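# Summary of structural features
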Amino acid sequence: MLRKFDKNLLICVFCSLLMASVSFGYFIYKGNGAFTLVSDFNAQELTFAAAVRHALTFRPLGQWIWNLDLGSSLINGFSFYNIGSLFFWISMLFTKISFPYLAGYLYILKYVVASITAYYYIKIFVKDSKYAVIGALLYSFSGFQTTNLIFHFHDVVAFFPMMLLGLELVIKDKKYTPVFIFAIFLNCITNYFFFIQEVIFVVLYFVVREWSDIGKNAFFKRTLRCIFSGVLGVGMASIIFVPSIIYIMGNPRSESALYLQNLAYDARNLLFIIKGMIMPGDVMKDQSILFSANFNSTSCYLPVFGAAFSIMYIFKNKGWLRNLLLALFVISFFPILQATFILYKGEFIYQRWWFMFILLMSLSTSLVIEKHDDYPIFKFVSMYAVFVAIFYIAISFLKYDSQASQVIFHAKRFLLFTMIVISGLVIIVLLNYFKRFDFVPLLILTMVYGSLTTFLGISLYRNNTDTNAYMTKYKVAEKFDVINEQYRYNSGNNISTLTGQAAGTGVFSSTVENTSKEFDKIFNDYDSVNTRLSVLHNDYTNDFMTFGPSSTDARVLLLGGKYIVTQDRKSSHIIRHYVENGQNYYIKEVPACPIGFALNKYITKKELMKIPLENRALTMMNAVVIDSNIKSEVNDTVSLYRGKVYAKRKGKYIANANKLRVRNFKRDNTGFSCSTNYENKKIVWFSVPYDSGWKATIDGKNAEIIKSAGMMAVKVPKGNHKLIFKYCTPYFKIGMVLSIVSFIVFILYSVVSVVRTRKS
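Residues numbered from 1 in each chain as written. Predicted model: local features only at pLDDT ≥ 70, side-chain atom pairs only at ≥ 80, totals over all residues. Heavy atoms only, no water.

It is worth spelling out the overall build of the chain at this point. The helix and strand tally for the chain stands at 30 helices and 18 strands. Taken over the C-alpha trace, the chain has a radius of gyration of 28 Å; the compact-globule value for 760 residues is 27 Å, and the two agree within 12%. C-alpha extents for the chain along the principal axes are approximately 90 × 65 × 50 Å. Within the chain, the proportion of its 760 residues that are buried is 60%. Measuring between centres, the 79 positive side-chain charges of the chain sit 3 Å from its 46 negative side-chain charges. (Helix = DSSP H or I, 4+ residues; strand = E, 2+ residues; numbered from the N terminus. Rg over C-alpha atoms; globule rule 2.2 N^0.38 Å. Buried < 20%, exposed > 50% of the residue type's maximum accessible area, 1.4 Å probe, protein only. Lys, Arg positive; Asp, Glu negative; His and termini not counted. Charge placed at Lys NZ, Arg CZ, Asp CG, Glu CD.)

Here it is in structure tokens:
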């Protein structure tokens, strides 16, 4: 029976479950069931999950989410993070449980799934599948997993081996084509950004794998089969993939990375790449050496073995795996080559493709272990250990430059990492020397070091993290409701604005509506340092009671930031009171512009940019911003603004905006509606990001939407009128049709394939 169910698979599942439970269990227990880390994980992963869970359970079901920044497409805003992840959808089975209480267990599940998929892939190449267990554990507990703990990349790591597994099966027999198609679909829908990297990697893998057969008839058949599988798999995922790709093409972070400066690394970056290969995964926000912080996901460390066995494999073998490993090592040292994986798009060149490299490193390590008698383990491992020691000594005792620039930020941690690496290598040498280089000792060693480095990574990320304090804020934010649909909370903190229903005036996210960045650029607030959040809300990743100048800044008041969270019970104009874990929280209100109000003046964007920065928001309270080329289209409704604004009159401007606000304003996940009753024709401006997916009607008739400083405006006739704005993500319907058709083709093809296989 055990053989029927694959005994070694059961060992793999048990070992990975035990390792992940040991690594995460203590912290789950310490957090009374909740799992938190720091910065991006607490501010994004936990809150984004809460926001999407709310959006999917609220009715009516729609594609617009008001909590993300000033409002965003649900699909475009979260397809990079979680909306396509199977692990997220598992959490939807437990919607009554706050997501932080599920996060730790989902992490454990991700590690186990990564081990299973890697096991099946590596199993193809080893003669005894027990060695695939070690390779699978190396993959799932690698340094890449550890250093990326604050991100959602584990979802991708868990499913990627299925891509290579499916490809290998298709190369051997076309009957496995449905397996490859499904693997492509699963990876594509999980994360479109990583999927593009995976496609480039798989193409490289296929070409190197099949190099000897290029030009032969069999190669062309397999190529066509793979192309068919890719097209159908992507087609099945089109409901998310198509709109997401269209959206990301307009994202400012998708600018070209094809620069001469990316031809080669400088010394610091080169040493950092080496460190990522030989040292355990570090804390990205607080690195031990070379950079005080670096978010490039630079770690491909394999517990115990490091890169030693992969290098040994390269030296002692020929063939496609050796060639591919060598190519990947070379690519890793040249940024211009690494940029290929992101199609030369993006602000930074990351090592976020290394998880694929790690899978092949794990494979080669398993192959060396299985035939260890054929390899000079003592020689290679000893040389590797000496190299690690030299690296440590050089970084610790040599000056980086003539100015003695700092390269060590945590000397004790660097020493600890070095000791972990060298101790593992010494044990390997001893096991080999005493003829105990067997499966069981190596499995135990892998489990100990994999658990140790993962546990250590979590501990370092959680330094100074108070889960109970975080959960107090999280739970009270879950209670925040929509006080008045015409206004927002005066906050850019993700905990306060995404956990419950409190839509705010900003958010910490890379995938907000592209047009909201157009609004920010008016105030010079969109660059790598100064964003709307950093300027107005200070520490937006941690304390949602920290507001900077936002309570009085005209920019936030223009955006409807009326409600402020405070713990000062003596504050004036308090309208809500919440108690959580003995802590008191109050909501107070301040005068702010409504989300929608009428204007009878206009100013061109070109003229607005000539106005002093501090007066631009005040001007926008008095005049709608338009592009110069549509002046003739609005002249019949509004006239040119020629006045001046003064900071001391801010209250008057806000009061006038409220006087001219729209009535009966209602918003939900499908859009918003309101009514107007003005004595003259007006332009109504809404602080809602413009998107081509919006459709507006006035009294049931289509109305043209004007893009105004990245937001929306419409011309409204005098008298009583009903305005309705409905939203559908651009290209969503096309993607949905493609998905439906592709699924039908996939099902029919799979049925035919199974029938043919049974007949043969």
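So much for the structure itself; the text now carries on.
Attention now goes to the sheet that holds strand E18 (residues 719-727). The strands making up a sheet associate through hydrogen bonds between their backbones, and the pairing can be parallel or antiparallel. Read from one edge of the open sheet, 5 strands run E11-E12-E18-E14-E15, paired in antiparallel fashion. Each edge of the open sheet carries a strand with a single partner, namely strand E11 (663-668) and strand E15 (701-703). Neighbour-to-neighbour, the strand axes of the sheet open up by a mean angle of 25°, direction not taken into account. Alignment of strand E14 (residues 694-698) against E18, held across 5 bridges, turns out to be antiparallel. Within E18, the position partnered with Ala696 by the bridge is Phe725. (Pairing = 2+ DSSP bridges. Axes fitted to C-alpha atoms, helices over the stretch in contact; angles between N-to-C directions.)

Let's shift gears to the pairing of strand E7 (residues 596-599). The two faces of E7 match: Gly596 and Ala598 on one face and Phe597 and Leu599 on the other face are all buried. Inspection of the sheet shows E7 paired to strand E13 (residues 682-689) by 4 bridges, in the antiparallel sense. Across the sheet, residue Leu599 finds its bridge partner in E13, namely Ile683.

Bringing the state of the cysteines into the picture now. Evaluation of the coordinates by the stated rule reveals 0 disulfides. Cys226 provides the cysteine sulfur closest to Cys188, a residue in no disulfide bond, and the two sulfurs are 16 Å apart. When its relative accessible area of 1% is taken as the criterion, Cys188 is described as buried. (Disulfide = S-S within 2.5 Å.)

Let us now look at the nonpolar core. Among the nonpolar cores identified, the biggest contains 187 residues, and Phe35, Tyr121, Phe160, Phe309, Phe357 and Leu360 are the most heavily contacted of them. Contacts of Tyr121, omitting those with residues within four sequence positions, involve Pro161, Leu164, Leu165, Glu168, Tyr205, Trp320, Leu359, Leu360 and Leu363. Judged by nonpolar contacts, the second largest core, of 40 residues, contains Ile564, Cys593, Leu608 and Ile683. (Core = buried A, V, L, I, M, F, W, Y, C linked by side-chain atoms within 4.5 Å. Contact = heavy atoms within 4.5 Å.)

Our focus in this paragraph is the sheet that holds E13. The strand order across the open sheet built from 4 strands is E7-E13-E17-E16, with neighbouring strands paired in antiparallel fashion. Each having just a single partner strand, E7 and strand E16 (706-708) make up the two edges of the open sheet. On average, each strand axis in the sheet is tilted by 35° relative to the strand beside it, whichever way the strands run. The strands touched by helix H23 (residues 514-522) are E13, E16 and strand E17 (711-716); relative to E17, the strand with the most contacts, the crossing angle is about 90°.

With that settled, consider helix H18 (residues 377-397). Spanning 21 residues, H18 covers 30 Å between terminal C-alpha atoms, matching the ideal 30 Å at 1.5 Å per step. Restricting attention to buried positions, one finds in H18 the residues Ile377, Phe380, Val381, Tyr384, Ala385, Val388, Phe391, Tyr392 and Ile395. Buried residues in H18, looked at end-on, bunch into an arc of 135°, giving them a common side. What points out from H18, more than 90 degrees from its buried face, is the exposed set Phe378, Lys379, Met383, Ile390 and Phe397. Contacts from the buried residues of H18 go to helix H13 (267-278), helix H14 (308-316) and helix H19 (411-433). (Expected span 1.5 Å × (residues − 1). Arc of directions from axis to C-beta.)

What follows covers the pairing of E18. Where strand E12 (residues 671-678) and E18 come together, 8 bridges link them in antiparallel fashion. Residue pairing across strands places Ser675 opposite Lys722, the latter belonging to E18.

A contiguous nonpolar surface patch, about 440 Å² in accessible area, is contributed by Val199, Val203, Val207, Trp211 and Ile214. Looking at the element boundaries, Val207 is found in helix H10 (residues 192-209). (Patch = residues over 30% accessible without salt bridge, like charges linked within 9 Å, V, L, I, M, F, W, Y side chains within 5 Å. Areas by Shrake-Rupley, 256 points an atom, 1.4 Å probe, with all protein chains shown as cover. Salt bridge = Lys/Arg side-chain N within 4 Å of Asp/Glu carboxyl O.)

As a further point, take the confidence of the model for the chain. Summary statistics for the chain give a mean pLDDT of 92 and a share of 95% for residues scoring 70 or more. Counting interchain partners and residues more than four positions distant, the pLDDT-below-50 stretch residues 526-530 has 10 contacts. Across residues 538-548 the pLDDT falls below 50, and counting only partners more than four positions away or on other chains, this stretch makes 39 contacts in the model. (pLDDT = per-residue confidence, 0-100.)

Turning to the environment of Ala477, a few remarks are in order. Position of Ala477 relative to the elements: it lies in helix H21 (residues 467-478). Measuring from C-alpha to C-alpha, the distance between Ala477 and Tyr563 comes to 13 Å, with 86 residues separating the pair along the chain.

Our next topic: unusual backbone geometry. Looking along the chain, the bond that leaves Arg59 and enters Pro60 is cis, with omega of 5°. Despite not being glycine, Val304 shows a phi value in the positive range, around 70°. Along the chain, Val304 falls in the loop between H13 and H14.

Further remarks concern the pattern of salt bridges. The final tally for this structure, using the stated rule, is 15 salt bridges. With its nearest N and O atoms 2.8 Å apart, the salt bridge here joins Asp282 to Lys275. The burial state of Asp282 is the same as that of Lys275; both residues are buried. Between Asp636 and Lys715 there is a salt bridge, and its shortest N-O distance comes to 3.7 Å. Linking Asp636 in the loop between helix H28 (631-634) and strand E10 (639-640) with Lys715 in strand E17, this pair joins segments that are 79 residues apart in sequence. A single salt-bridge network, built from bridges that share partners, covers Lys275, Asp282, Asp286 and Arg413.

Our next topic: the environment of Ser115. Tracing the chain through its elements places Ser115 in helix H5 (residues 100-123). A relative accessible area of 0% means that Ser115 is categorised as buried. For Ser115 and Gln486, which are 371 residues apart along the polypeptide, the C-alpha to C-alpha distance reads 49 Å. When near neighbours in sequence (up to four residues on either side) are disregarded, Ser115 contacts Cys12, Ser16, Ala136, Leu137, Ser140 and Phe141. A distance of 3.0 Å separates a polar atom in the side chain of Ser115 from the backbone oxygen of Tyr111. (Polar contact = N/O pair within 3.5 Å; in protein donor to acceptor, adjacent residues only side chain to side chain.)

Time to look at the packing of helix H2 (residues 39-57) against H5. As a packed pair, H2 and H5 sit with axes 11 Å apart at the nearest point and diverge in direction by 105°. Looking at the two axes, H2 sits roughly perpendicular to H5. Only Pro100, Leu102, Ala103 and Tyr107 of H5 make contact with H2, whose side of the interface consists of Phe41, Leu46 and Arg53. (Parallel < 35°, antiparallel > 145°, perpendicular 65-115°, else oblique.)

Here we take up the side chain of Thr177. Mapped onto the elements of the fold, Thr177 is located in helix H9 (residues 177-190). Within the structure, Thr177 has its side chain in polar contact with the backbone oxygen of Lys174 (distance 2.6 Å).

All right, on to H5 then. Here H5 contains 24 residues, and its C-alpha end-to-end distance of 35 Å stays within 8% of the 34 Å for a straight helix at 1.5 Å per residue. Of all 24 residues in H5, 18 are buried, a share of seventy percent or more.

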